[in-house]
Structures are given as structure tokens and as C-alpha cells.
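# Structural overview
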Amino acid sequence: MKQDYLKIENLYAGILDKEILKGINLTISKGDVQVIMGPNGSGKSTLAEVLMGSEEYTVSSGDILFNNKKLNNLKSFQRAKEGLFLAFQYPVEVPGVNFGTFLHSAYKSITNKDISIFEFILELKKESKKLGIDETFLSRNLNEGLSGGEKKRMEILQIAILKPKFAILDEIDSGLDIDGVKFVTESIKILNKEGITFLIITHQKKLIENINISKLNIMSKGKIVKSGTKELLLQIEKVGYKDFLKNV
Ligand code: ADP
Ligand code: MG
């Protein structure tokens with residue numbers, strides 16, 4: 001039997017007086033790669049943010065459990081310590097902050113491991129090599145002059161190095177070229193094999209068609225309206241989401 005890992009029970013959440021998530025139920029088992037697709041404005045990013053504990057949103061009812069522990073009242077950094085990861089957002093480039101230095105501090109605070117920058121860089125090089133990332137990146141400043149695709153590679157590298165138990169990727173494919181998408185797909189496969197559970201939010205069939213996904217969920221208007229196998233992709237490709245939205 002697969003172990004339930006992340007359990008979302010009847011979750012309602014939103015901002016101020018606007019309810020965005022309207023009764024989400026979703027169970028993700030250890031080792032799963034689950035996918036959420038759905039029209040724009042469905043609440044997918046809100047769900048990712050709420051799972052990670054963003055203070056922008058308020059949970060009005062329902063529970064988020066991870067490893068049988070209730071997360072509702074934990075801050076983002078505490079959830080990260082529990083093993084949750086949401087690819088960091090980079091609203092601005094951070095000149096002068098080196099990627100390695102940045103990740104080193106994140107690593108130390110999340111894992112409580114006291115590893116020297118020297119050892120850490122060795123580890124970073126090892127993980128970069130494993131995923132096929134050019135290590136000259138590593139000496140660059142945080143997102144300074146990185147292309148969209150390079151930023152996405154850095155997000156994946158963060159997962160490889162921080163080794164969260166559960167990683168959420170919210171539209172990591174946006175702005176990626178074909179090689180970038182392939183890189184993300186291959187990386188997800190490698191990291192999943194190493195034990196990381198994934199929740200992938202995407203619009204792109206290409207990103208997930210070669211991955212052995214456990215479940216595909218379709219979200220609309222704040223609810224999961226359909227869950228099924230990868231076969232649902234064919235239906236989505238043919239007619240879009242409209243078949244799934246009829247009774248919402
Ligand atoms: P998706 O990721 O599925 O496209 P979002 O979660 O981004 O959907 O948004 C769902 C709905 O909630 C949209 O109508 C969006 O405008 C609204 N929303 C999300 N976050 C905020 C926010 N911080 N302030 C105001 N409205 C928001
Ligand atoms: Mg979104």
C-alpha cells in the first residue's frame with residue numbers, strides 16, 4: 001500500500017472577501033508524480049501558494065496534512081523544514097548575490113546541517129553534473145542576466161540540492177524552449193526516482209507525456225473537477241477543458 005503523504009481535505013481559501021479555493025480534496029502518495037491542469041484563473045497557483053503557507057491568502061476551512069502532521073498553522077519556512085518546496089519566485093534579479101552563496105544559506109537553514117561553502121560547492125557541482133547543467137552557472141549572481149530557461153534550470157538545481165520530500169512546480173514550463181522542457185522532464189524523472197514526490201502544475205502536454213504520472217487532476221473554479229489517468233490528456237487535447245466544466 002502506498003503511504004498517503006500530502007492530504008488536502010475540503011480546503012477553502014482566498015484573499016480578503018474573495019474565496020478562490022472552494023473545497024479542494026486531493027491525496028498524494030509518497031513517490032507520486034501528480035499533475036494539475038485547468039483553465040487560467042482556476043486557482044492552481046493559489047493552491048500552490050496556500051500549500052506553501054503564503055501569508056497573502058487565508059484558509060477559512062479545511063486541512064492540509066503532510067506526513068500526518070497538520071500544516072495549517074505553520075509558516076512557510078516551517079513547511080520547508082517539513083520537506084515542502086515550491087520553486088522560489090524571482091520577482092527581481094538580485095545583483096551581487098551569488099547563486100552558490102544564496103543556496104548555501106538556504107540549505108543550512110532548511111536542513112540544519114552545518115556544511116562549509118567549500119563542501120557545498122562540491123555538492124552543487126556533483127548535482128549539476130548529474131542533471132547536465134553547465135557548472136559555469138554556479139558562479140553567476142542570482143538571476144543576473146539569466147535567461148528564462150536558465151532560471152528554470154536553477155529552480156531544478158535547487159530541488160536537487162535541497163532534496164525536499166515534496167516539490168511543487170507551478171508552470172515551470174512557461175517560457176521554456178524544447179530543450180528546456182526536455183531538461184525539466186528528465187530531471188523530474190531522475191529526482192522522482194531518488195524519492196522526491198512531485199505536484200506539477202502545467203498547461204503543457206509535452207512536459208508530462210513522457211513521465212509516468214500517478215494521477216492527472218483537472219481544476220476549475222477553485223475545485224478539482226476530475227481526476228484520472230494520463231489518458232485524460234487525449235481528451236483535453238481534443239476538446240480542451242469544456243467537457244470537464246459542464247457540471248461545475
Ligand atoms: P491559476 O493559477 O489557475 O491561473 P490563480 O490561482 O492565479 O489561478 O488565480 C485564481 C483567481 O484568484 C483569479 O481570479 C485571480 O485573479 C485571483 N487571485 C489569485 N491571487 C490573487 C491575489 N493575490 N489578489 C487578488 N486576486 C487573486
Ligand atoms: Mg497560475
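Treat the numbers as computed from the prediction; the structure is a model and nothing was measured.

It is worth spelling out the site of ligand 1 at this point. Around ligand 1 there are 13 residues in total, and Gly41, Lys44, Thr46, Glu56 and Tyr57 lie nearest to it. The contact in question runs from a nitrogen atom of ligand 1 to an N or O atom on the side chain of Tyr57, over 2.8 Å. Protein contact buries 65% of the 560 Å² of open area that ligand 1 shows by itself. Contributing elements (two or more residues each) for the shell around ligand 1: β2 (18–29) and α1 (44–52). Per-element tally for the shell around ligand 1: the top contributor is α1, with three residues. Looking at side-chain class alone, the shell around ligand 1 contains four nonpolar, six polar and three charged residues.

Low-pLDDT stretches of the model should not have their predicted coordinates read in fine detail. Here the protein chain averages 90 in pLDDT, while 94% of its residues score no lower than 70. Taking the mean pLDDT of every element in the protein chain, the minimum, 82, falls on helix α9 (residues 242–245) and the maximum, 98, on β2.

Moving on, we come to the sheet that holds strand β1 (residues 4–15). Remark on secondary structure: sheet strands pair via backbone hydrogen bonds, oriented parallel or antiparallel. Strand order in the open sheet formed by four strands is β2-β1-β4-β5, and the pairing between neighbours is antiparallel. Each edge of the open sheet carries a strand with a single partner, namely β2 and β5 (69–70). On the sheet, α1 packs against β1, β2 and β4 (58–66) and is oriented at approximately 110° with respect to β1.

One recurring pattern in soluble globular proteins: nonpolar side chains tend to sit buried together. Met37, Ile159, Val184, Phe198, Ile200, Ile208 and Leu216 are the most contacted members of the largest nonpolar core, which totals 46 residues. Sequence-distant contacts of Met37, defined by excluding residues within four places in its chain, comprise Lys44, Thr202, His203, Gln204, Ile208, Leu216, Asn217, Ile218, Met219, Leu233, Ile236 and Tyr241. Residues Leu21, Ala48, Leu51 and Met52 belong to the second largest nonpolar core, which totals 30 residues.

A word on a nonpolar patch on the surface. Judged by side-chain polarity, Ile117, Phe118 and Leu122 come together as a nonpolar surface patch covering roughly 320 Å² of accessible area. By secondary structure assignment, the location of Ile117 is in helix α4 (residues 117–131).

The buried fraction of α1 amounts to seven of the nine residues, a majority that puts the element mostly inside the structure. Considered for burial, the residues of α1 that qualify are Lys44, Thr46, Leu47, Ala48, Val50, Leu51 and Met52. Gly53 occupies a position one or two residues after α1 and carries a positive phi of about 90°.

Right, let's get into the pattern of salt bridges. Following the criterion strictly, the structure yields 13 salt bridges and no others. Across the pair Lys69 and Glu82 runs a salt bridge whose closest N-O atoms are separated by 2.8 Å. One end of the pair, Lys69, is in strand β5; the other, Glu82, is in helix α2 (residues 76–82), and 13 residues separate them in sequence. The exposure class assigned to Glu82 is partly exposed, which follows from its relative accessible area of 21%. We note a salt bridge from Glu237 to Lys205, for which the minimum N-O separation is 3.2 Å. Pair noted here: Glu237 is in helix α8 (residues 232–239) and Lys205 is in helix α7 (residues 205–208), with a separation of 32 residues, a long-range link. Looking at Lys205, the relative accessible area reads 27%, which means it is partly exposed. Among the ionic contacts, a cluster of salt bridges with common partners joins Glu123, Lys126, Glu127, Lys130, Lys163 and Glu194.

Calculation notes
Residues numbered from 1 in each chain as written. Chains lettered and ligands numbered in written order. Predicted model: local features only at pLDDT ≥ 70, side-chain atom pairs only at ≥ 80, totals over all residues. Heavy atoms only, no water. Near = heavy atom within 4 Å. Polar contact = N/O pair within 3.5 Å; in protein donor to acceptor, adjacent residues only side chain to side chain. Areas by Shrake-Rupley, 256 points an atom, 1.4 Å probe, with all protein chains shown as cover. Helix = DSSP H or I, 4+ residues; strand = E, 2+ residues; numbered from the N terminus. Nonpolar A, V, L, I, M, F, W, Y, C, P; charged D, E, K, R; others polar. pLDDT = per-residue confidence, 0-100. Pairing = 2+ DSSP bridges. Contact = heavy atoms within 4.5 Å. Axes fitted to C-alpha atoms, helices over the stretch in contact; angles between N-to-C directions. Core = buried A, V, L, I, M, F, W, Y, C linked by side-chain atoms within 4.5 Å. Buried < 20%, exposed > 50% of the residue type's maximum accessible area, 1.4 Å probe, protein only. Patch = residues over 30% accessible without salt bridge, like charges linked within 9 Å, V, L, I, M, F, W, Y side chains within 5 Å. Salt bridge = Lys/Arg side-chain N within 4 Å of Asp/Glu carboxyl O.

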